[in-house]
Amino acid sequence: MATLTALGYFTLFLILSAFAPGFMTGTVTDGLPAGLLLALLQLPVTWLAIGLYEHTARRYLDPIADRIRKEAAVEAKREAGQRGAGR
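Residues numbered from 1 in each chain as written. Predicted model: local features only at pLDDT ≥ 70, side-chain atom pairs only at ≥ 80, totals over all residues. Heavy atoms only, no water.

**Q** Looking at this structure, I do not really get the overall build of the protein. What am I missing?
**A** Secondary structure assignment for the protein yields three helices and two strands. Its C-alpha radius of gyration of 25 Å places the protein more than 25% over the 12 Å reference for a compact globule of 87 residues. Counting only C-alpha atoms and orienting by the principal axes, one finds that the protein spans roughly 80 × 20 × 15 Å. Split into buried and exposed, the 87 residues of the protein put 14% on the buried side. Carbon and sulfur atoms provide 68% of the accessible area of the protein, an area that totals close to 7,000 Å². Charge-centre separation for the protein: the mean point of 9 positive side chains lies 12 Å from the mean point of 7 negative side chains. (Helix = DSSP H or I, 4+ residues; strand = E, 2+ residues; numbered from the N terminus. Rg over C-alpha atoms; globule rule 2.2 N^0.38 Å. Buried < 20%, exposed > 50% of the residue type's maximum accessible area, 1.4 Å probe, protein only. Areas by Shrake-Rupley, 256 points an atom, 1.4 Å probe, with all protein chains shown as cover. Lys, Arg positive; Asp, Glu negative; His and termini not counted. Charge placed at Lys NZ, Arg CZ, Asp CG, Glu CD.)

Given below as structure tokens:
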């Protein structure tokens, strides 16, 4: 979800740049164009997406990956034991 949000924001920025130049060159405050403000906001949006992805990965994906690794190690030991006993 965070990735889609960041990509959506970037896509919106590109669409506004291409089709709404009047809006992008309009000033928000003294000398700060809306386009520059939106461009500068891309950095925190990207950081937020990265942070949410890392949080989600650590909470949900890493435990699954650890379980799969442990099961694979047990299976490898079992197969190695069967090959050694079959000789």
